[in-house]
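Here is what each chain is made of, one letter per residue.
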Amino acid sequence: MSAVNSLDDEDTFKILVATDIHLGYLEKDPVRGNDTFVTFNEILDHAQKNEVDFVLLGGDLFHDNKPSRKTVHSCLESLRKYCMGERPVQFEILSDQAVNFHYSKFPWVNYQDENLNISIPVFSIHGNHDDPTGADALCALDILSCAGLLNHFGRSTSVEKIDISPILLRKGRTKIALYGLGAIPDERLYRMFVNKQVTMLRPKEDEDSWFNLFVIHQNRNKHGATNYIPEQFLDDFINLVVWGHEHECKIAPFQNEQQRFYVSQPGSSVVTSLSPGEAVKKHIGLLHVKGKSMKMQKIALETVRTFHIEDIVLADHPDLFNPDNPNVTQAIQAFCMEKVELMLDNAERERLGNPRQPEKPLIRLRVDYAGGFEPFSVHRFSQKYIHRVANPKDIIHFFRRREQKEKNDIDLNFGKWVSRPAEGTTLRVEDLVKQYFQTAEKKVQLSLLTERGMGEAVQEFVDKEEKDAIEELVKFQLEKTQKFLRERRTDAEEEKIDEEVRKFRETRKKNTEEEDKEVREAMTRARAHRSEDAGLVAASSDEDSMDMEMVGIADPSEGLSATLSRGRGRARGRARGAKGQNSTARGLSRRGRGSTSQESASSSRTYKPVSVPAKHTIIDAFKPLKPNSSLNASQVYSEDIIDVDSDPEDTSFVPSSKVNQRLSTTSSLSKRGSQSQTSRGVDFESDEDDAFMSPVISRRTK
């Protein structure tokens, strides 16, 4: 790597590089709650003082997929404070921005918006913590992009093929092709690279004159057979790769001997796990690019909370600790206290030279107590340091290596020690699901779903709070299997059905691309339901409040019959008067009430039963279709109610409750007002034209 001779001339790009800022991490912690916001301000302050051309972020700007209002507000405040101003931007965009930002309603870079005054543009890809989710596939970065404070790029939604189109920048005679790829599940991206489904597009004119800069947010270290992205998968025409997601700071560019490009790993700007990689000094980078030459200048972050970690193996100190000694636990505790005091002294000396550093350090002492030792009370030990460290509850971490017995033809080898996974290693939900079903008994093995599909559904449920993910996957797979059996005209015998289902399942497991599509379609259904639920719950809560005011609180002395009588009369009266209401109120006024067969016959609404996967079996595919009989008022049912005479904006909803449970006592009335109903509607596609996708772009001349 050759150095840049002149650092501040008109041909040199100055780029501030940072990754994994994790805004909002532990924001409710009384000691560490503001750490991420303070450090983010320091990063942007460095950008302003160094008069950089733009800031480049490598993903995980936010720690949570749905950041709190405090986090979003603090981020907006910082970006507005440091990135808006009168200083003109010195570079220009040469590529078609309608392609670079095609998913945005404002498909152009923010500093060219005539309504904004941007002095430092920020370009960012999304990470695995703040990736797009929901029915509209939006993320927190899209909010910042819509506000004109950040340029979100590198987004890809296809699971079949990824074409990475660069943002082409020019300053003087230096030209940069900026490539970006937001976080994608590692196994999926690994498979797409293997199948040649990832293409990096290059400029047609003078392709060798461009400095090619690629930003990626994936596992760099190997966590499994396909749970990482090897550097050899990337194209060799790249000059520099900025690698996000890995938190250990290795910001000095390191050359890949095979591909000949350089890799810079800035690491995180906040300690999110008490592991050795996080103890490395935190830096950001000031990248200078002139022509095809570059130079990375390291900038140490001064506001990061200091972190010290040390390991102890008790078995390595036989002169100090004897497991047969009745007082050995007290001796171990005293030894640990000495170690913690030494680390606190080192942290205090380090802080003396840096007044901007937080006062309380992070301390971690990992104790291997293998060899017959017993751990002492961690909570009692932590009480001694509650006012001196930032993490008093987890200063001590006890772990124990276990012996692995290896059987061979001759004897047993007890000599190999296999340690537990290193602290900080992420245990993924889908791996746990797969491991469970692979080791489970035959009677609990999956016979219809695949381990991989179920694992992804559980991950969506856990990580993204998609509460309908598992249900929608089961329903989707059940529908496909029933369709398959109908097409095969399988005899309605249990043994033959089981055999056909087994063959169908094995075929799906081999066709991984088809399985990916199925999982994504099921997740899209779940997100659509969640979006509908959110609007319906808000509207239904208002309706419940109105119902409570109209009905009043029942007197318990009146008895159950009087209460039920009032409930029925109110429901019938509102149904008769529905013609005078708007469509939304008319639909919601009947929420949660059972309708009699007479009401069903006289109503202009049609009823469509919702299929519940838990109550279906494969044998249902062979049963003849029967017309739905009318339902009694006391039945528990779940239906979609659609007004065929109403406007398209009518609300579809799902009533599901018993009359005697709904209006039995005073407490049941008040409790019903706070309960939420879950809708099971259809996913409507928007007919709205995108007026902003025109390639004609309004630009402002600086």
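So, how was this worked out
Residues numbered from 1 in each chain as written. Predicted model: local features only at pLDDT ≥ 70, side-chain atom pairs only at ≥ 80, totals over all residues. Heavy atoms only, no water. Helix = DSSP H or I, 4+ residues; strand = E, 2+ residues; numbered from the N terminus. Contact = heavy atoms within 4.5 Å. Salt bridge = Lys/Arg side-chain N within 4 Å of Asp/Glu carboxyl O. Expected span 1.5 Å × (residues − 1). Buried < 20%, exposed > 50% of the residue type's maximum accessible area, 1.4 Å probe, protein only. Polar contact = N/O pair within 3.5 Å; in protein donor to acceptor, adjacent residues only side chain to side chain. Pairing = 2+ DSSP bridges. Phe/Tyr/Trp six-rings, centres within 6.5 Å; stacked < 30°, edge-to-face > 60°. Core = buried A, V, L, I, M, F, W, Y, C linked by side-chain atoms within 4.5 Å. 1 Å grid on protein atoms, 1.4 Å probe; cavity = no way out; pocket = protein on both sides within 12 Å on 5 of 7 lines; lining within 4 Å. Points joined across faces, edges and corners; volume = space filled by probe spheres on them.

Draft legend 1. Representation of the side chain of Arg32. With respect to the helices and strands, Arg32 occurs in the loop between β1 (12-18) and α1 (35-49). Apart from the residues within four sequence positions on either side, Arg32 is in contact with Tyr25, Leu26, Val271, Arg305, Leu362, Ala390 and Asn391.

Draft legend 2. Local environment of the pattern of salt bridges. Summed over all chains, the structure comprises 18 salt bridges. When the shortest N-O distance is used, the salt bridge between Lys290 and Asp9 registers 2.8 Å. Of this pair, Lys290 sits in strand β14 (residues 283-290) while Asp9 sits in the segment before β1, placing them 281 residues apart in sequence. The closest approach of N and O atoms between Glu92 and Arg170, which form a salt bridge, is 2.7 Å. Of this pair, Glu92 sits in strand β3 (residues 92-93) while Arg170 sits in strand β7 (residues 167-171); the two residues are 78 residues apart in sequence, bridging distant segments of the chain. One network of salt bridges, with partners in common, ties together Arg202, Glu207 and Asp208.

Draft legend 3. The arrangement of helix α10 (residues 469-488) in detail. The first and last C-alpha atoms of α10 sit 29 Å apart over 20 residues, in line with the 28 Å expected at 1.5 Å per residue. Among the residues of α10, those classed as buried are Ala469, Glu472, Leu473, Lys475, Phe476, Gln477, Leu478, Thr481, Gln482, Phe484 and Leu485.

Draft legend 4. Up close: the environment of Asn212. Inspection of the secondary structure assignment puts Asn212 in strand β10 (residues 211-217). Residue Asn212 is classed as buried on the basis of its relative accessible area, which comes to 1%. Note: C-alpha distance between Asn212 and Tyr179 (33 residues apart in sequence) is 7.4 Å. Among residues more than four places away in sequence, those in contact with Asn212 are Ala177, Tyr179, Arg202, Phe237, Ile238, Asn239 and Leu240. At 3.5 Å, the side chain of Asn212 and the backbone oxygen of Trp210 are in polar contact.

Draft legend 5. How the structure looks around the environment of Ser156. With respect to the secondary-structure elements, Ser156 resides in the loop between β5 (151-152) and β6 (162-164). Taking relative accessible area as the criterion, Ser156 reaches 26% and is therefore assigned partly exposed. In this structure the C-alpha to C-alpha distance between Ser156 and Gly182, which are 26 residues apart in sequence, comes to 7.3 Å.

Draft legend 6. Quick peek at the sheet that holds strand β12 (residues 250-255). What the seven strands build is an open sheet, ordered β3-β7-β8-β10-β11-β13-β12; its pairing is mixed. Of all the strands in the sheet, just β3 and β12 have a single pairing partner and so form its edges.

Draft legend 7. Focus on the pairing of strand β16 (residues 307-313). Looking at chain direction, β16 and strand β17 (residues 362-368) are connected through seven bridges and run parallel. Note that in β17 the partner of Phe307 across the bridge is Leu362.

Draft legend 8. Focus on the sheet that holds strand β4 (residues 122-124). Reading across the sheet, the six strands line up as β5-β4-β2-β1-β14-β15 and stay open at both edges, with mixed pairing between neighbours. At either margin of the open sheet sits one strand with a lone partner, and together these are β5 and β15 (293-300).

Draft legend 9. Inspection of the packing of aromatic side chains at higher detail. One pass over the structure, following the stated rule, counts 16 aromatic pairs. Considering the side-chain rings of Phe13 and Phe91, the 5.9 Å spacing of their centres and the 50° angle between planes classify their relative orientation as tilted. Within this pair, whereas Phe13 is found in strand β1, its partner Phe91 is found in the loop between α2 (69-83) and β3, the two being separated by 78 residues in sequence. Both residues of the pair, Phe13 and Phe91, belong to the buried class.

Draft legend 10. Structural view of the nonpolar core. Grouped together as the largest cluster of nonpolar side chains are 31 residues, with contacts concentrated most on Leu16, Leu61 and Leu79. Per-element tally for this core: the top contributor is α1, with five residues. Setting aside residues up to four positions removed in sequence, Leu16 forms contacts with Ile43, Ala47, Val52, Phe54, Val55, Leu56, Ile284, Gly285, Leu286 and Ile299. Of all hydrophobic cores here, the second largest spans 30 residues; its members include Phe13, Ile125, Leu178 and Leu213.

Draft legend 11. Seen up close, helix α5 (residues 186-194). Of all the nine residues making up α5, eight are buried; the element is thus mostly covered by neighbouring parts of the structure. Of all the residues in α5, the buried ones are Asp186, Glu187, Arg188, Leu189, Tyr190, Arg191, Met192 and Phe193. Note on α5: the residue one or two positions beyond its end, Lys196, has a positive phi of about 60°.

Draft legend 12. Spatial organisation of empty space enclosed by the protein. Inspection of every chain in the model, using the stated rule, returns three cavities of 30 Å³ or more. Its volume calculated, the largest cavity comes out at about 80 Å³. Among the elements that make up the lining of the largest cavity, the one with the highest residue count is α1 (three residues).

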